[in-house]
Amino acid sequence: NEAIQLVASGGVRYSWDVVSGNAILDYPNQSTIFAQPSIGIVNLDVAITNDRGCIDTQHVMLDVKPNPIVSISPRDTTIKYGDAIMLRAIGAERYYWHPLDGINDPNSPNPIIKPEEDRWITVVGENEYNCPARDSIYIKIDYSNTVYFPNAFTPNGDGLNDEFGPVNFVHERLINFVIYNRYGNEVFQTSTKGKHWDGTIDGKPAPVDVYYYLIEYGHRDDTHQKITGDVTLLR
């Protein structure tokens, strides 16, 4: 229950009293009090005594409405970087989500959010009496990603599988991508994202063989990852 400030004036002494209903009064012998009423109709009287000893009684009625009980699902969760998630709020008639960035509809009970970093998401819900309540969840972003490489490629100019490189490299930052032959000699190197090996060495077709790669890349949270493996060149 929320407290409400009540102010009386025009006297030198004051006496507040609960006539009906339930309420907790803070300093009932002061001109200004805080009342914490229960839900329902609460009637209060304040007796105001002036400097001549005359008493005037004023009446106050409080109609206390219940706050909604608002909740969000899912609860605290982790999603992959670049993914979106639908949230669901229940318990109110109107909703106000914040922060606003990344939310497709901040007044929907079921907005879709696509955060790019860890964050708290809060919804304030109001019932038919305009009484508010809120709930919050924490969304953590998982920046990790296991980059996938094919185990073979065919650089024969048919437009299918002609180059070799990571196929699900989307949000990561490329640091270094190197390919070696079986003797440990470097045959390809790049730090340009999206650049793949075309199966040539010094502009000439590389022989059919097994080659070895090393890739180092960074995530949005500044962590680094290295992957090594091998690939078979076929023609």
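This text gives an overview of the structure that appears in the document. (Residues numbered from 1 in each chain as written. Predicted model: local features only at pLDDT ≥ 70, side-chain atom pairs only at ≥ 80, totals over all residues. Heavy atoms only, no water.)

**Looking at the sheet that holds strand β5 (residues 40-49)**
Piece 1. The strand order β2-β5-β6 describes an open sheet built from three strands, whose pairing is antiparallel. Here the strands that pair on one side only, and so sit at the sheet edges, are β2 (13-20) and β6 (55-64). In this sheet, neighbouring strand axes are inclined to one another by 20° on average, regardless of whether the strands run parallel or antiparallel.
Piece 2. Both β5 and β6 contribute to a ladder of 10 bridges, which runs antiparallel. Looking at β6, one finds that Asn43 is bridged to Met61. (Pairing = 2+ DSSP bridges. Helix = DSSP H or I, 4+ residues; strand = E, 2+ residues; numbered from the N terminus. Axes fitted to C-alpha atoms, helices over the stretch in contact; angles between N-to-C directions.)

**Quick notes on the sheet that holds strand β15 (residues 152-153)**
Adjacent strands of a sheet form backbone hydrogen bonds with each other and so pair up, either parallel or antiparallel.
Piece 1. Strand order across the open sheet formed by five strands is β15-β21-β20-β16-β17, with mixed pairing between neighbours. Only two strands of the sheet have a single neighbouring strand rather than two, namely β15 and β17 (186-190).
Piece 2. Pairing of β15 with strand β21 (residues 224-233), which is carried by two bridges, proceeds in the parallel orientation. In the strand pairing of β21, Ala152 is matched with Thr232.

**Here's the deal with the packing of aromatic side chains**
Working definition: an aromatic ring pair is given by the centre-to-centre distance plus the angle between the planes.
Piece 1. All told, the structure shown has 12 aromatic pairs when counted by the stated rule.
Piece 2. Relative to Tyr217, the ring of Phe169 lies with its centre 5.6 Å away and its plane at 85°, an arrangement referred to as edge-to-face. Of the two residues, Phe169 is situated in the loop between β15 and β16 (173-180) and Tyr217 in strand β20 (residues 209-218); the sequence distance between them amounts to 48 residues.
Piece 3. With relative accessibility at 15%, the residue Phe169 sits in the buried group.
Piece 4. Taking the centre distance of 5.1 Å and the plane angle of 70° together, the rings of Trp197 and Tyr211 count as edge-to-face. Here Trp197, found in the loop between β17 and β18 (200-201), pairs with Tyr211, found in strand β20; they are 14 residues apart in sequence, far enough to count as distant.
Piece 5. Residue classification places Tyr211 among the buried residues on the basis of a relative accessible area of 2%.
Piece 6. Each member of the aromatic cluster is reached from another via a ring pair, and the members are Phe149, Phe153, Phe164, Phe177, Phe188, Trp197, Tyr211 and Tyr213. (Phe/Tyr/Trp six-rings, centres within 6.5 Å; stacked < 30°, edge-to-face > 60°. Buried < 20%, exposed > 50% of the residue type's maximum accessible area, 1.4 Å probe, protein only.)

**So, the environment of Glu216**
Piece 1. For Glu216, the location among the structural elements is in strand β20.
Piece 2. Considered as a pair, Glu216 and Asn43 are 173 residues apart in the sequence and their alpha carbons are 72 Å apart.
Piece 3. Apart from the residues lying within four places of it in its own chain, the contact partners of Glu216 are Leu174, Ile175, Asn176, His224, Gln225 and Lys226. (Contact = heavy atoms within 4.5 Å.)

**Section: unusual backbone geometry**
Piece 1. Here the bond from Ser73 into Pro74 is cis, since omega is -5°, no more than 30 degrees from zero.
Piece 2. In this fold, Pro74 is placed in the loop between β7 (71-73) and β8 (77-80).
Piece 3. Cis geometry marks the peptide bond from His98 to Pro99; its omega dihedral reads 0°.
Piece 4. Phi at Tyr27 is positive, roughly 55°, even though this residue is not glycine.
Piece 5. Structurally, Tyr27 is set in the loop between β3 (23-26) and β4 (32-37).
Piece 6. Since its relative accessible area comes to 58%, Tyr27 is described here as exposed.

**Digging into the environment of Glu126**
Piece 1. Topologically, Glu126 is positioned in strand β13 (residues 119-126).
Piece 2. Remark: the alpha-carbon pair of Glu126 and Arg94, spanning 32 residues in sequence, is separated by 5.2 Å.
Piece 3. Apart from the residues within four sequence positions on either side, Glu126 is in contact with Pro68, Ala92, Glu93, Arg94, Tyr96, Cys131 and Pro132.

**Considerations on the pattern of salt bridges**
Piece 1. Under the defined criterion, the tally for this structure stands at eight salt bridges.
Piece 2. One salt bridge in this structure joins Arg75 and Asp135, with 2.8 Å as the shortest N-O distance. Of this pair, Arg75 sits in the loop between β7 and β8 while Asp135 sits in strand β14 (residues 132-142), placing them 60 residues apart in sequence.
Piece 3. Exposure remark for Arg75: the relative accessible area of 43% places this residue in the partly exposed category.
Piece 4. Here Arg119 makes a salt bridge to Asp101, at a shortest N to O gap of 2.6 Å. Placement of Arg119 in strand β13 and of Asp101 in the loop between β11 (94-98) and β12 (112-113) is noted, with a sequence separation of 18 residues between them. (Salt bridge = Lys/Arg side-chain N within 4 Å of Asp/Glu carboxyl O.)

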